[in-house]
Structures are given as C-alpha cells and as structure tokens.
Amino acid sequence: GAVTVGELAKLIKREPSEIIKKLLFLGIMATINQEIDTDAIELVASDFGVEVVVKEPVDEEALDMLIEEADPAKLQERPPIVTIMGHVDHGKTTLLDAIRETNVTAQEAGGITQHIGAYQVEVSGKKITFLDTPGHEAFTTMRARGAQVTDITVLVVAADDGVMPQTVEAINHAKAANVPIIVAVNKMDKPDANPDRVRQELSEYGLISEEWGGDTIFVPLSAKQRTGLDQLLEMILLVAEMAELKADPTARPRGTVIEAELDKGRGPVATVLVQNGTMRVGDIVVAGTTFGRVRAMVNDKGRRVKEAGPSYPVEILGLNDVPSAGDLFVVYDDERKARSLAEKRIAKHRQEQLGVQSRVTLEDLYKQIQEGDVKELNVIIKADVQGSVEALTGSLEKIDIAGVRVKVIHKGVGAITESDILLASASNAIVIGFNVRPEPNAGRVAESEKVDVRLYRVIYNVIEELEAAMKGMLDPEY
Ligand code: GDP
C-alpha cells in the first residue's frame with residue numbers, strides 16, 4: 001500500500017516538486033522515489049484541497065496471502081464442501097439428517113450431534129463437509145458478502161413433484177456461482193415417483209442426465225427410507241476428485257464464518273469453515289469486524305478439538321463480538337495488528353453503509369462500461385405472467401450495444417423476493433419487475449444492498465431504458 005512522492009503527484013495531478021515542498025514544510029525530507037506514509041499523504045493532499053482516502057489493503061491482504069502461500073508442493077487434497085438446495089418440502093432437511101446419522105466416523109461414534117452449521121462425514125476413508133442450512137438463501141447471502149464456500153451443490157428434487165419454482169432458483173443460484181450440480185431425485189419410495197419426468201423437466205434448464213447423453217449426475221434415492229445415500233456420497237466424491245480441490249494445511253489459516261451467535265454462557269460463538277491452513281487453539285483471529293484469541297474449539301460432535309484443518313467446521317470461542325455469516329476470517333501473528341485490522345474494517349463497513357459501493361446501476365452503467373468494469377449487464381426478470389417473462393428475456397438478450405450484452409441470470413413469475421435481491425447483489429445484477437413489485441422485505445434488502453430495482457408496465461420501455469443506459473443516454477430519474 002505504500003506510495004512514492006512521484007506516484008502521489010500523479011494521483012493528485014501536481015508536480016512532484018510541489019509535493020516535496022509541502023513535505024519539507026511538514027518537516028519531511030523526501031525525494032521523488034521515496035515512499036511516504038499514510039498520514040503524510042493525507043496531510044499533503046488536504047493541503048492541495050484534495051481529499052484522499054487511504055484504503056488499507058484489507059481484503060487484498062487476504063488475497064495476497066492466498067497467492068503467496070499457494071505453494072504447489074504443499075497442496076493437499078481437501079474434503080469437498082457441499083450445499084443442499086431445492087424446493088421446499090422436497091426433502092433437504094431429511095436428506096441432511098439421514099446422511100449425518102448414517103455416516104458417523106468410527107472414532108467419533110458416541111459423540112452427541114451438535115448443530116453448528118456444518119458437519120463432516122466419512123465415506124470409504126474420505127471426508128465430505130456438508131453445510132447444514134439447506135436452501136439457496138444462506139448460500140447466496142454468503143456470496144453477497146464475497147464468500148465462496150461451496151464446492152458442490154446437491155439439488156434435491158422430489159420425484160413425485162418435479163421441478164418447482166425454488167428448484168429453478170436453486171439452479172440459477174448455483175450456476176451464477178459456477179458450482180457444479182448433482183441432482184438427487186428424492187422420494188423414490190413414493191408410488192407416484194416419476195424420475196423420468198424430473199429428467200425431462202431439468203433438461204429444459206440445461207441439466208441433462210448422463211443416461212441421456214449429458215454430463216449431469218442424477219442419483220435416485222429416498223431420504224426417508226435411507227436408500228441411495230451411499231451412491232450419492234460416492235458421486236460427490238467423484239465430482240470432488242474431478243475438481244481437484246486442494247489446500248495447504250501449513251499455510252496461514254483463513255476461512256469463512258458460517259454462522260454466529262451470542263451464547264449466554266459462552267459469549268460470541270462463531271462456526272467457521274477453515275479453507276486453508278490449520279487453525280489452533282490460542283490463534284489470534286480477525287473475523288469480519290471482530291477479533292480475538294481462540295479460547296476453545298468444538299466440532300460437530302460436541303467434542304473439544306485443538307486444531308482444525310482445511311474444510312473442517314468448528315465452533316470457535318473467544319471473539320470480542322459476533323461476526324456475520326459470510327465474513328472472512330484470518331489468523332494473525334500479533335494481537336495488536338488484529339485489533340487494528342478489525343477496527344479498520346469497522347470504519348470501512350461504516351463507509352460502505354454510507355453508500356460508497358460499486359454496484360451496477362442503470363445510472364452509472366455507461367461509466368462502468370467505459371471504464372471496462374462491465375462487459376455484460378446481468379439482469380433478473382420478474383413478471384406477472386410467464387408470457388411476459390419470455391418476451392422480455394427474448395428482447396433483452398438481443399440487445400448488443402458496442403459489444404456489451406444483457407445476460408438474464410434468473411427469471412420467474414411473481415413478486416420480487418429477498419432471494420432475488422440477494423442473487424442480484426451477489427452477481428452484480430439489476431432487477432427488472434414487470435407488472436410486479438418487490439415484497440416489503442425485498443424492498444428493504446434492496447436498499448441496504450444497494451441493488452437497482454426497476455419497475456415497468458410496458459415492455460418497450462424496458463428495452464428503451466436499458467439501451468439508453470448502456471449508451472449513456474439515460475434520462476435522469478426524478
Ligand atoms: P425440506 O423442506 O426440503 O427440508 O423438506 P423436509 O426434509 O422437511 O421434508 C418434507 C416432507 O417430505 C417431510 O414430511 C418428510 O418426511 C418427507 N420426505 C422427505 N424425504 C422423503 C422421502 O424420501 N420419501 C418420502 N415418502 N417422504 C419424504
């Protein structure tokens with residue numbers, strides 16, 4: 001993050017000699033190639049009437065660590081992290097419980113199941129980590145916060161019910177995150193189970209089963225009768241193997257907060273998923289805007305553990321406050337640094353809440369296109385009837401303004417929901433409502449997430465306004 005005199009001069013469009021003079025005035029002797037510190041930068045800039053906000057490389061720091069420590073020789077296979085998604089009542093919770101109960105590792109048998117937000121099972125000597133909150137809302141909330149914790153999605157579809165609206169949502173959420181999908185065709189025990197209908201319906205969404213010449217794995221099962229589970233787990237391991245999931249257990253520990261709460265007796269408790277390195281009791285961690293020394297770690301069997309390696313979920317005790325799901329955590333060598341980083345993040349967070357964010361909006365779309373930040377405009381379409389959804393999709397996907405195109409990442413019939421907004425936020429998309437409105441909660445989330453929601457009643461107006469925005473000719477909104 002250091003800046004030289006010459007670079008600062010360029011940044012604030014002044015001569016280096018002017019900067020050097022100002023610095024002298026402050027009692028700092030500097031040459032053009034000398035690096036100056038944050039305080040000096042701010043003082044000099046403010047003298048020139050320029051307000052400079054020195055951004056600490058908070059998250060870049062974490063990113064650097066990733067690159068710096070990705071020593072190929074040290075990489076080892078790590079367990080896949082799996083999320084279960086699907087329509088309500090199609091059996092997600094039953095499946096999660098069935099897998100957990102039938103696959104306890106030998107050494108951990110006898111432990112008491114703790115719902116900490118994630119759990120791990122062992123299959124033919126290999127481990128798989130499941131996120132314990134079914135559904136795509138949690139998944140996308142985390143993604144909206146910049147966390148990518150899922151390697152594989154298991155899409156549960158009830159064989160007697162087929163593809164339903166939330167099935168489609170789940171598919172689009174997984175696709176937007178580039179996460180491979182395995183289809184679990186559930187409730188095969190039911191007399192009216194019709195797996196071919198599920199295959200047929202899913203093929204319309206690009207999920208073509210291997211039997212039909214595609215590359216999506218379909219596993220028929222019954223979560224209730226616990227049949228087909230082994231095959232599902234084998235398939236998860238197969239997909240994981242193809243993805244070559246790796247981590248370095250010796251790297252600086254980092255990962256993501258899965259869930260967190262304030263426990264009356266124990267204080268702030270956070271379940272974290274270690275994604276690189278090995279976390280140990282006594283480590284100093286920063287998680288989002290919180291920090292502390294790890295006092296104890298408890299696994300999903302309620303056992304105290306001393307260390308947690310890649311893909312291993314544990315509850316940690318010892319943070320000074322409750323972090324949020326999706327927060328990144330990193331282990332630090334030094335408590336003072338950890339505290340100052342957490343404080344900087346609090347400040348940054350406040351700033352973001354004040355509206356300094358770079359979400360795509362129609363207003364500044366043109367600018368973002370010009371700056372090369374946007375090559376494709378992601379949109380979500382919600383309309384009152386299917387006919388309008390299709391008509392809009394067709395027209396919008398034809399738009400091509402100087403190579404910039406519109407990509408419909410999700411569409412559906414009905415009001416704009418919170419889940420739509422979260423997907424938009426996570427995928428930097430705008431939401432188009434045609435003869436529909438946001439649900440009250442969705443409206444609130446759109447405001448806090450700064451997602452641009454546009455409501456229309458005439459198809460022509462949608463196309464016209466999008467094209468105008470892409471050309472930088474949008475009429476200002478009053
Ligand atoms: P979720 O909303 O997707 O988490 O669905 P649940 O796991 O709560 O299941 C909804 C209902 O379907 C419950 O009554 C389950 O007992 C039932 N169910 C789940 N899996 C099966 C199955 O394989 N066969 C049958 N017959 N019922 C199932």
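Definitions and limits used
- Residues numbered from 1 in each chain as written.
- Predicted model: local features only at pLDDT ≥ 70, side-chain atom pairs only at ≥ 80, totals over all residues.
- Heavy atoms only, no water.
- UniProt positions renumbered as here; feature names shortened; annotations may be inferred.
- Helix = DSSP H or I, 4+ residues; strand = E, 2+ residues; numbered from the N terminus.
- Buried < 20%, exposed > 50% of the residue type's maximum accessible area, 1.4 Å probe, protein only.
- Contact = heavy atoms within 4.5 Å.
- Areas by Shrake-Rupley, 256 points an atom, 1.4 Å probe, with all protein chains shown as cover.
- Pairing = 2+ DSSP bridges.
- Axes fitted to C-alpha atoms, helices over the stretch in contact; angles between N-to-C directions.
- Parallel < 35°, antiparallel > 145°, perpendicular 65-115°, else oblique.
- Left-handed = near helix turned anticlockwise from the far one by under 90°.
- Nonpolar A, V, L, I, M, F, W, Y, C, P; charged D, E, K, R; others polar.
- Arc of directions from axis to C-beta.
- Phe/Tyr/Trp six-rings, centres within 6.5 Å; stacked < 30°, edge-to-face > 60°.
- Lys NZ or Arg CZ within 6 Å of the ring centre and 35° of its normal.
- Salt bridge = Lys/Arg side-chain N within 4 Å of Asp/Glu carboxyl O.
- Near = heavy atom within 4 Å.
- Polar contact = N/O pair within 3.5 Å; in protein donor to acceptor, adjacent residues only side chain to side chain.

The chain is annotated in an unreviewed UniProt entry as Translation initiation factor IF-2 of Effusibacillus dendaii. If you open the UniProt record of the chain and go to Function (unreviewed entry), you find "One of the essential components for the initiation of protein synthesis. Protects formylmethionyl-tRNA from spontaneous hydrolysis and promotes its binding to the 30S ribosomal subunits. Also involved in the hydrolysis of GTP during the formation of the 70S ribosomal complex." Under the UniProt heading Subcellular location (unreviewed entry), the entry covering the chain gives this text: "Cytoplasm".

A. How the structure looks around the overall build of the chain. Broken down by element type, the chain carries 15 helices and 24 strands. When the 478 residues of the chain are sorted by exposure, 49% land in the buried category. Residue pairs at least 24 apart in sequence account for 71% of intrachain contacts in the chain once pairs closer than 6 positions are excluded. Put simply, the chain shows about 23,500 Å² of open surface, and 49% of that area lies on carbon and sulfur atoms.

B. Spatial organisation of the sheet that holds strand β8 (residues 181-186). Taking strand neighbours across the sheet as the criterion, the six strands line up as β5-β6-β4-β7-β8-β9 in an open arrangement whose pairing is mixed. The open sheet has two free edges, formed respectively by β5 (118-123) and β9 (218-220), since each of these has just one partner strand. Here the average twist between neighbouring strands, direction ignored, is 30°. Here β5 pairs with strand β6 (residues 126-131) via six bridges, running antiparallel. Along β6, the bridge assignment pairs Tyr-119 with Phe-130. With respect to the sheet, helix α7 (residues 165-176) is in contact with β4 (81-86), β7 (152-158) and β8, its orientation differing from that of β7 by roughly 170°. Together, β4, β5, β6, β7, β8 and β9 form the strand contacts of helix α9 (residues 229-243), whose direction differs from that of β6 by roughly 100°.

C. Looking closely at the side chain of His-173. Relative to the assigned elements, His-173 resides in helix α7. Judged by relative accessible area, His-173 falls into the buried class, the value being 1%. His-173 has contacts with His-136, Phe-139, Thr-140, Ser-419 and Leu-423, leaving out every residue within four places of it along the chain.

D. Quick peek at the packing of helix α13 (residues 418-427) against helix α14 (residues 440-449). Running from amino to carboxyl end, α13 crosses α14 at an angle of 20°, the nearest separation of the two axes being 8 Å. In this view, α13 runs roughly parallel relative to α14, as classed from their interaxial angle. When the axes of α13 and α14 are compared, the crossing they make is right-handed. Every residue of α14 that contacts α13 at Glu-418, Ile-421, Leu-422 and Ser-425 is listed here: Asn-441, Ala-442, Val-445, Ala-446 and Glu-449. Residue composition of the contact of α13 with α14, grouped by class: five nonpolar, two polar and two charged.

E. Here's a closer look at helix α11 (residues 362-370). Turning to α11, its buried residues number three or more, namely Leu-362, Leu-365, Gln-368 and Ile-369. Buried residues of α11, viewed axially, fall in a sector of 95°; they line one side. Exposed residues pointing more than 90 degrees away from the buried face of α11 are listed as Lys-367 and Gln-370. On its buried face, α11 sits against β20 (376-383), β22 (404-413), β23 (429-434), β24 (453-456) and α15 (459-471). Positive backbone phi, at 80°, marks Gly-372, one or two positions downstream of α11.

F. Main features of the environment of Asn-441. Here Asn-441 shows up in helix α14. In the structure, Asn-441 is positioned 290 residues away from Asp-151 in sequence and 29 Å away in space, judged by C-alpha atoms.

G. Summary view of the packing of aromatic side chains. A complete count under the given rule lists one aromatic pair for this structure. Stacked on the ring of Tyr-332, the Lys or Arg Arg-252 has its end atom at 5.1 Å from the ring centre.

H. The arrangement of the pattern of salt bridges in detail. Within this structure, the stated rule accounts for 20 salt bridges. One salt bridge in this structure joins Glu-315 and Arg-266, with 3.2 Å as the shortest N-O distance. Taken together, the residues Glu-315 in strand β18 (residues 313-319) and Arg-266 in the loop between β11 (254-263) and β12 (267-276) connect sequence positions 49 residues apart. Judged by its relative accessible area of 9%, Glu-315 falls in the buried class.

I. Structural detail: the site of the ligand. Asp-89, Lys-92, Thr-93, Thr-94 and Asp-189 are the nearest of the 15 residues found near the ligand. At a separation of 3.0 Å, an oxygen atom of the ligand approaches a polar backbone atom of Ala-223. Relative to its free-state accessible area of 580 Å², the ligand is covered by the protein chains to the extent of 76%. Residue contributions to the shell around the ligand peak at three residues, all from helix α5 (residues 92-102).

J. Spatial organisation of the sheet that holds β20. Strand order in the open sheet made by the five strands is β21-β22-β20-β23-β24, with mixed pairing throughout. What marks the edges here is a single partner per strand, and that holds for β21 (400-401) and β24. Sheet analysis places β21 next to β22, joined by two bridges and oriented antiparallel. Looking at β22, one finds that Ile-401 is bridged to Val-404. Contacts between α11 and the sheet are confined to β20, β22, β23 and β24, with β24 contributing the most and set at about 120° to the helix.

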